Each structure stands twice: as C-alpha cells, then as structure tokens.
Amino acid sequence: MTIRFEIPPLYCPLPPPRPHPDEALLEKRGLDHLEAWGLTADPVDRVRAAHTRSHELMARMTPDAPADPVQLSVDWAYMAFALDDRRTDSGPSSADTTALCLWFSGLDYAGTTLDTTPLPEDVFYPAVADLSARIRAATTPALWRRWLTENKAMAWAALWETSHRTSGRLAGFATFLTVRPDLGMGLGTLVCAEIAAGLRVPEDERNDPLVRAVTQAAGLLITLDNDLYSFPREDRAARLAGRDPLAEPTPIPILMREHRSTVAEAALRLVLIRDRIMDRALRLAERAASRPYSDDTRALLGIALAVVRDHLDWAPRAARYTDPDGTHPDAIDLRWNGLTATPPADDRPLPYPAVSWWWDVD
C-alpha cells in the first residue's frame, strides 16, 4: 500500500544551491567511511545510507570549499542519519528513555575524550571518536567545542522526544518549537558549514541578537521543512511500532490535536507558520546587510539562508523519504507543489515565545 502525502507550496525566494565539483568523491568516501566502521554491515543499511544523499545535502552548503573539510560534514551527516535510524527512531533505545540517555552519554564521552576504552562495545562509539578527532585537527578549538555542544543539544532533544513516547505525555506546539532545531541538528548543520568554509566568526558578532535571530530562524526552517516531507515516513513508523500516530511529539499530529483538524489542514497550518518564519528571516538578513559585521559573519548569514533552500532542493531527490526502510521503494508518494516567491499575507509575530522575539530585534 502506497501512502500519498501532498506538500503545499512553500515560500522560499532564494536561488537554488550550486553543486560541489567533488560530489561523486564525497559520496564514495562517505559511504566507505560508514562501511569501514561497521555501520553498513547489512547491505540494506548501505542502501538506506545511500538514500540520504548526504553528500549533496552537506556539500552544497559550501560549494566552493575544498573537498577535505567538506568531507567532515558529509561523514557526520551519513553517521547522523544512521544514528537516527538505528538508535533514536528504532531499536531498543528508541522506546526506552533511560537506555537512550545512557547511550548518548557514551557517545558524548567518545566524542569529547576520543577514548572508547571504558565504554560498552558499540559501533557508533569508535566511529564518532575518530570523526571528532578529525574535526579537532581540522578546525579551531572553539569550533570543535561548538560542534560537540550542538551534538549534546541534539541528544537532549532526542531524549525529550523519546520521553514523550515512553511516558504517554502529549507535547504542545509551543514547547515543540523550543526543541525542534536541536532535534534536527539545525544549528549543528551550520557549524559543519562553518568548519567546511573555514570561517572565523567573532564571538561578539555571533551572539549579536540580529545574527542569532537569522541563524536560529534558519535552523528552525530546516527542521520544520523536514517535518513536512518526513511526516508519512514517521507516521508509518509509528503505526508499525504499535504507537498512536496522533500522540507523536511531531508538529502535524500536535497541530491536529490542538486544532482538531485533519492531516491536510495541519500540514497547511504548519506551512503558513514556516512561511512567516521564512519571511521574517529574509527581512532580518536584509537588515543585517547594512551592519558593519566582519566578512566571516556575513558569510555565515549567507550560508544560513542558503541551507534552507539547499534542503528543499535535496529532499525530493532523497529516497529516504519515499523508501523508508530501504526495501519498499514505492511505500510513500510525496506530492510536491513547488516553491513560491510570493511572501505570506500575514507578517505578524507568531504567538510562540521561542520565536516571537525575532519580531522585536532592532
């Protein structure tokens, strides 16, 4: 049985990303990296990894960067998708908050200390320790620590998600928005781009409210867009696991509950929300263009917006969202309705504290 899901037009007037000249090499290296660490011992796992097209997703953020630093981003993305599939979305730890907490604790220890000696045997631990060591050698101590910090934030958000599934507690949309960028590695993706591009963003400028607003909005847009095109995949997984799809801590089920609406109505409501965030991010970026920021800060802001369009161009080509387990290529029929350059009619602040402050930034 094929699941059909229609994605309404999305507001995104940004130009499409440029391909990186070394994408074929980046793909081969990325998939070989997973295999070398035993993360694709099952042939189906390699198919699922290939379906993510992580080399395109990460390389097109920084198409002019050298292949070697871009490879770090690509390898991390392939590993993160595998982690998502085999530890947080399925497997014993996905249904046990305590087990997942202990597993993430081991992952953080391996990545931070680069030592797996005291840890239980797990293929992900030596793999992340090795990648962390490569990133530390390739960038500044500050950016390496930032990469580790974003990974910790992702772990906390994944625990938030799992705890709702295991406790039966229903999530609200306002709370969800505070967690979602971390859960989807929205800001972590930008750190990978910084490393690949060799940026050195001054900390005072990084923490400037206007810069924070643009980068945070971009991080949230990346993840909310993912919530649209990954909905059928996640809905199918919940049903196969015997969970109530309407109780899932993801935005379409949450909006269905809060507004007593259908799937299509909730999807449209989510699009209207993300469109207002897109509009606000563009307005803030235009304001930032007149500020005396450093060249690297300006580059970061440009990358942050480009990444949003990058994801929207990548997702329709990623079979991950139509073949959810690597063995059912026709399981999901995603009906894309394209992008629009027409801004939303409503530009008022959204009524959610996690994002409403973006409308107060001078």
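The structure under discussion appears in the preceding block.
Residues numbered from 1 in each chain as written. Predicted model: local features only at pLDDT ≥ 70, side-chain atom pairs only at ≥ 80, totals over all residues. Heavy atoms only, no water.

### Observations regarding the overall build of the chain
The helix and strand inventory of the chain stands at 16 helices and four strands. By the compact-globule yardstick of 21 Å for 362 residues, the chain fits well, its C-alpha radius of gyration being 19 Å. Overall, the C-alpha framework of the chain stretches about 55 × 50 × 35 Å when taken along its three principal axes. Burial statistics for the chain: of 362 residues in total, 54% are counted as buried. Sequence-distant contacts, at least 24 apart, represent 76% of the contacts inside the chain between residues at least 6 apart. On the chain, roughly 15,200 Å² of surface is accessible, and the fraction owed to carbon and sulfur atoms is 54%. (Helix = DSSP H or I, 4+ residues; strand = E, 2+ residues; numbered from the N terminus. Rg over C-alpha atoms; globule rule 2.2 N^0.38 Å. Buried < 20%, exposed > 50% of the residue type's maximum accessible area, 1.4 Å probe, protein only. Contact = heavy atoms within 4.5 Å. Areas by Shrake-Rupley, 256 points an atom, 1.4 Å probe, with all protein chains shown as cover.)

### A short note on the packing of aromatic side chains
Here the distance between the centres and the angle between the planes together describe a pair of aromatic rings. Applying the stated criterion to the full structure yields 14 aromatic pairs. For the pair Phe 5 and Phe 231, a centre-to-centre distance of 5.3 Å together with 45 degrees between the ring planes defines the contact as tilted. A residue pair is termed long-range when its members are at least 10 positions apart, and Phe 5 in strand β1 (residues 3-7) and Phe 231 in helix α12 (residues 231-240) qualify at 226 residues. A ring pair is formed by Tyr 229 and Trp 314, whose centres lie 6.3 Å apart and whose planes are at 75 degrees; its orientation type is edge-to-face. On the criterion of sequence distance, the pair formed by Tyr 229 in helix α11 (residues 209-229) and Trp 314 in helix α15 (residues 295-314) is long-range, its members being 85 residues apart. Tyr 229 gets classed as buried once you look at its relative accessible area, which sits at 1%. We classify Trp 314 as buried; its relative accessible area is 1%. (Phe/Tyr/Trp six-rings, centres within 6.5 Å; stacked < 30°, edge-to-face > 60°.)

### Overview of helix α4 (residues 67-88)
A rise of 1.5 Å per residue sets the reference length of α4, with its 22 residues, at 32 Å; its end C-alpha atoms lie 30 Å apart and thus fit the reference within 8%. Among the 22 residues in α4, 17 count as buried, and that is most of the element. (Expected span 1.5 Å × (residues − 1).)

### A few points about the side chain of Glu 161
You can see Glu 161 is positioned in helix α7 (residues 141-167). When near neighbours in sequence (up to four residues on either side) are disregarded, Glu 161 contacts Asp 89, Leu 183, Pro 249 and Thr 250.

### Some points on the side chain of His 20
Relative to the assigned elements, His 20 resides in the loop between β2 (10-11) and α1 (23-36). On the accessibility criterion, His 20 (4% relative accessible area) is buried. Within the local environment of His 20, its side chain forms a polar contact with the backbone nitrogen of Asp 22, the two atoms lying 3.0 Å apart. (Polar contact = N/O pair within 3.5 Å; in protein donor to acceptor, adjacent residues only side chain to side chain.)

### Digging into the pattern of salt bridges
One pass over the full model with this rule turns up 35 salt bridges. Between Lys 152 and Asp 108 there is a salt bridge, with its nearest N and O atoms 3.9 Å apart. Within this pair, whereas Lys 152 is found in helix α7, its partner Asp 108 is found in helix α5 (residues 97-113), the two being separated by 44 residues in sequence. For Arg 335, the salt bridge identified is with Asp 333, shortest N-O distance 2.6 Å. Taking relative accessible area as the criterion, Asp 333 reaches 23% and is therefore assigned partly exposed. Each of Glu 23, Arg 53, Glu 56, Arg 60 and Arg 317 takes part in a single network of salt bridges with overlapping partners. (Salt bridge = Lys/Arg side-chain N within 4 Å of Asp/Glu carboxyl O.)

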